[in-house]
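# Survey of secondary and tertiary structure
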Amino acid sequence: MKSDIRIWIILAAILSISFVMYLPSLSNQFLWDDHTIIEDNPAMRMPNPFLLFGETYWPPTVTNLPPPYYRPMTMLWFWLEFNIFGKSAFGFRIFNIFLFLLTAVLVFYFARKIFQSAEISLFAAAVFALNPIHIESVAFVSGMTDVSAAFFIMLAIIAFSSEKWWIKYIAAPAIFLLSLFSKESAVAGILIFPAYELFIRRKSFFKSALSTLPFFVPMTIYFMLRYWILGVFGGYKLASLNLFQKLAPTFYILVRYIQNIIFPFDLAPLHPQWFFNHSVTYYLLWFFPFLILVGLLIYLSRNRYLRFSLFWSALFIIPALRIGASHQGALWAERFTYISSIGASLFIAFYIEKIFHIGFAKYRDIGKILVFTYFVLLFAFGFEYSFWWRNDWMGFRRIVHDAPEKPVGYSGLAEQFLNIGEIDSAFYYINMALEQDSTYPLALTTAADICIKAKKYEKSLEYCKKLMKLHPSHTAGYIYAAISSIMLGDTVSALEFAKKSTEIAPLNPAANKIYAEILLADGDTTDALLYLEQAHNLLPDDEKIANKYFHIISKSIK
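Residues numbered from 1 in each chain as written. Predicted model: local features only at pLDDT ≥ 70, side-chain atom pairs only at ≥ 80, totals over all residues. Heavy atoms only, no water.

## A short note on the nonpolar core
With 181 residues, the main nonpolar core has Phe78, Phe110, Ile157, Phe176, Trp312 and Phe375 as its most contacted residues. Per element, the largest residue contribution to this core is 14 residues, and it comes from helix 4 (residues 89-115). If near-sequence neighbours (up to four positions away) are discounted, Ile157 is found in contact with Phe110, Ile192, Phe193, Tyr196 and Trp312. (Core = buried A, V, L, I, M, F, W, Y, C linked by side-chain atoms within 4.5 Å. Buried < 20%, exposed > 50% of the residue type's maximum accessible area, 1.4 Å probe, protein only. Helix = DSSP H or I, 4+ residues; strand = E, 2+ residues; numbered from the N terminus. Contact = heavy atoms within 4.5 Å.)

In structure tokens, the structure reads:
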């Protein structure tokens, strides 16, 4: 009894230290993708949360071809939080941390179940809870996708390990469906259940495979809904890369992921590497360090529990390879290994427990010192890295530092300076962004916006036309072109651009608002009111839209 109390006290201490590690990230501001996915997303204002199952993860406000992400469970989390906390990001951040720490408890429980060791299970929880590689998923509100998927995967595998048939074959598949609804990479999890039977319960391959059959029901439901909403089962094809180019960097990415899971001291919101940074030969040379790492890991998998842990980590790292796609032009990103790191935490914990007890003669505590130093380093790196996820200012500054040859950070900072009216600084950073990549759509969008604020309407129109030529389905190009045209006195072109923006993205509040204002300036009050009503329905809490809408209504009544 006393022993159990001591174990729970230690676990509580681990969770408390982890919470402290995330304290620097706590702020009341959203950043980066949060603005589009949460803050300005009309779906968050839906009266019925069940309607979210018919929505894309990225709102169809930027382009008519949204990214291939169908994540209704994550959107449901956001909807609930939005209706509780409103636009206060602090509540969202706290909830992310809470769900993350709850997952750490599940990792502890699961580790204790398979290893039958309190020490190993505590170390597993500590490795998971204190690993800085998770900060991008936890401190970044939009990283909830990983946090939610991992939480439900852990619940599903624990339910599957039950001796009660209804929990194993009914509850576990239902929970697995929630994981699929959180993030598509959870699809790999269908193989973790037969692996549990094979490695942990020592069942035959046939019986292990047979146990997977109930999980095809949630898989079928997920893919049917995904195809209905997105029109694709997988992702959209990228014509710019052939198969060989897609596969070439695989060994490099895997080595970097393994390195950062075990020694997560090279963290970045955006890594500078890209598919074409190096030659194919350079990437293929990483096959040798990859082979050495894999050989070492297989050698260290001395028992069935370690083999299961290694299989878990390898299985969930496969979706993290993102072969054929790039993350904002980057080759790899820490949060893609969030679920994979659970298996790694089990594996690492086993050997940390061995190191912990190393000692001889007067150096009998050397193992404890090594383990303590490792966790102190994890905490120190994590605590420092947390600061960069407070807001857009800090996030984009870090991106500029880590990836100075990418336009993302410069474009982001330009937008921040524009928001506070620092036009000269905004011009400086947007020119830096365009120097790195003159075709980057967000840089062209921000450049057009800056020119409008500086009353350089013809220059703004140049950026818009370039954006429309390169990215014809990008709404912002038409919106800013409409604004520039009306300011230049060209009402006809303004109407054409504004109408096109609403055709591409009819659910874009800004597009509807701009079109309504131009129609109003052209004397078409009736149609203007319709589009303004649409904008108000999409974003009822936007004061500017609401004031304009009710002003026109009251004027019409008079």
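## Quick look at the packing of helix 5 (residues 118-130) against helix 17 (residues 340-356)
Where helix 5 meets helix 17, the closest approach of the two axes is 8 Å, and the angle between their N-to-C directions is 125 degrees. Our classification of the angle between helix 5 and helix 17 gives oblique. Remark: the crossing between helix 5 and helix 17 carries right-handed chirality. In this structure, helix 5 uses Glu119, Ile120, Phe123, Ala124, Val127 and Phe128 to contact helix 17, whose residues at the interface are Ser341, Ile342, Ser345, Leu346, Ile348, Ala349, Phe350, Ile352, Glu353 and Phe356. Broken down by class, the residue content of the contact of helix 5 with helix 17 amounts to twelve nonpolar, two polar and two charged. (Axes fitted to C-alpha atoms, helices over the stretch in contact; angles between N-to-C directions. Parallel < 35°, antiparallel > 145°, perpendicular 65-115°, else oblique. Left-handed = near helix turned anticlockwise from the far one by under 90°. Nonpolar A, V, L, I, M, F, W, Y, C, P; charged D, E, K, R; others polar.)

## As for the side chain of Asp33
For Asp33, the location among the structural elements is in the loop between helix 1 (2-22) and helix 2 (34-39). Despite being buried, Asp33 has no salt bridge partner; Arg335 is the closest side chain of opposite charge, sitting 4.7 Å away. (Lys, Arg positive; Asp, Glu negative; His and termini not counted. Salt bridge = Lys/Arg side-chain N within 4 Å of Asp/Glu carboxyl O.)

## What to know about the state of the cysteines
In this structure the tally under the stated criterion is zero disulfides. In this structure Cys451 is a free cysteine whose sulfur lies 8.8 Å from that of Cys464, the closest cysteine sulfur available. Given a relative accessible area of 0%, Cys451 falls into the buried group. (Disulfide = S-S within 2.5 Å.)

## Quick word on the layout of surface pockets
The volume enclosed by the second largest pocket comes to roughly 700 Å³. Along the walls of the second largest pocket sit 30 residues, with Ile258, Ile262, Leu297, Phe347 and Ile348 positioned nearest its centre. Of all the elements in the fold, those that place two or more residues in the lining of the second largest pocket are helix 13 (250-262), helix 15 (287-300), helix 16 (304-317), helix 17 and helix 18 (366-386). Take the lining of the second largest pocket: its biggest share by element is eight residues, from helix 17. (1 Å grid on protein atoms, 1.4 Å probe; cavity = no way out; pocket = protein on both sides within 12 Å on 5 of 7 lines; lining within 4 Å. Points joined across faces, edges and corners; volume = space filled by probe spheres on them.)

## Here we look at the pattern of salt bridges
Per the stated rule, a full pass over the model turns up 15 salt bridges. With its nearest N and O atoms 2.5 Å apart, the salt bridge here joins Lys183 to Asp146. With Lys183 in the loop between helix 8 (165-180) and helix 9 (192-200) and Asp146 in helix 7 (residues 144-160), this pair connects stretches of sequence that are 37 residues apart. Since its relative accessible area comes to 6%, Lys183 is described here as buried.

## A closer look at unusual backbone geometry
Here the phi dihedral of Gln116 falls at roughly 55 degrees; this positive angle occurs in a residue that is not glycine. Along the chain, the position of Gln116 falls in the loop between helix 4 and helix 5. Exposure remark for Gln116: the relative accessible area of 65% places this residue in the exposed category. For Arg202, which is not glycine, the phi torsion reads 60 degrees and is therefore positive.

## Description of the packing of aromatic side chains
For the coordinates displayed, the defined rule picks out 54 aromatic pairs. Relative to Phe375, the ring of Phe123 has its centre 6.3 Å away and its plane inclined at 5 degrees; by these criteria the two rings are stacked. Taken as a pair, Phe123 in helix 5 and Phe375 in helix 18 lie far apart in primary sequence, 252 residues in all. When its relative accessible area of 12% is taken as the criterion, Phe375 is described as buried. Members of the aromatic cluster, joined through ring pairs, are Phe110, Phe160, Phe176, Phe193, Tyr196, Phe215, Phe308, Trp312 and Phe316. (Phe/Tyr/Trp six-rings, centres within 6.5 Å; stacked < 30°, edge-to-face > 60°.)

## Re helix 5
With 13 residues, helix 5 extends 18 Å from end C-alpha to end C-alpha; this agrees with the ideal 18 Å at 1.5 Å per step. Of all the 13 residues making up helix 5, eleven are buried; the element is thus mostly covered by neighbouring parts of the structure. Along helix 5, the residues classified as buried are Ile120, Ser121, Leu122, Phe123, Ala124, Ala125, Ala126, Val127, Phe128, Ala129 and Leu130. Between the side-chain oxygen at the start of helix 5 and the backbone nitrogen of Glu119 there is a gap of 3.5 Å, and the oxygen is on Ser117. (Expected span 1.5 Å × (residues − 1). Polar contact = N/O pair within 3.5 Å; in protein donor to acceptor, adjacent residues only side chain to side chain.)

## What about helix 25 (residues 491-504)?
For helix 25, with 14 residues, the first-to-last C-alpha span of 20 Å sits near the 20 Å given by 1.5 Å per residue. Within the sequence span of helix 25, burial applies to Ser493, Ala494, Leu495, Phe497, Ala498, Ser501, Thr502 and Ile504. Each element contacted by the buried residues of helix 25 is listed here: helix 23 (457-470), helix 24 (475-487), helix 26 (509-521) and helix 27 (525-538).

## Quick notes on the environment of Ser182
Along the chain, Ser182 falls in the loop between helix 8 and helix 9. Through-space distance from the C-alpha of Ser182 to that of Val147 is 8.6 Å; in sequence the pair is 35 residues apart. Residues in contact with Ser182, not counting those within four places in the same chain, are Arg71, Met73, Thr74, Thr145, Ser148, Ala149 and Phe152. Within polar-contact distance, the side chain of Ser182 engages the side chain of Ser148 at 2.7 Å.

## Let's talk about the side chain of Asp449
Among the secondary structure elements, Asp449 is positioned in helix 22 (residues 441-453). Residue Asp449 is classed as buried on the basis of its relative accessible area of 14%. Not counting residues up to four positions away in its chain, the partners in contact with Asp449 are Leu418 and Tyr480.

## Observations concerning the environment of Leu254
By secondary structure assignment, the location of Leu254 is in helix 13. Along the chain, Leu254 and Trp332 lie 78 residues apart, while their C-alpha atoms are 9.3 Å from each other.

## Considerations on a nonpolar patch on the surface
A cluster of nonpolar side chains, Ile355, Ile358, Phe360, Tyr363, Ile366 and Leu370, forms an exposed patch at the surface whose accessible area comes to about 540 Å². Assignment of secondary structure puts Tyr363 in the loop between helix 17 and helix 18. (Patch = residues over 30% accessible without salt bridge, like charges linked within 9 Å, V, L, I, M, F, W, Y side chains within 5 Å. Areas by Shrake-Rupley, 256 points an atom, 1.4 Å probe, with all protein chains shown as cover.)

## Focus: the environment of Phe265
One can find Phe265 in the loop between helix 13 and helix 14 (280-285). Residues Phe265 and Phe216, 49 residues apart in the sequence, show an inter-C-alpha distance of 39 Å. Ignoring sequence-local partners within four residues, the contact set of Phe265 consists of Asn260, Leu377, Leu378 and Phe381.

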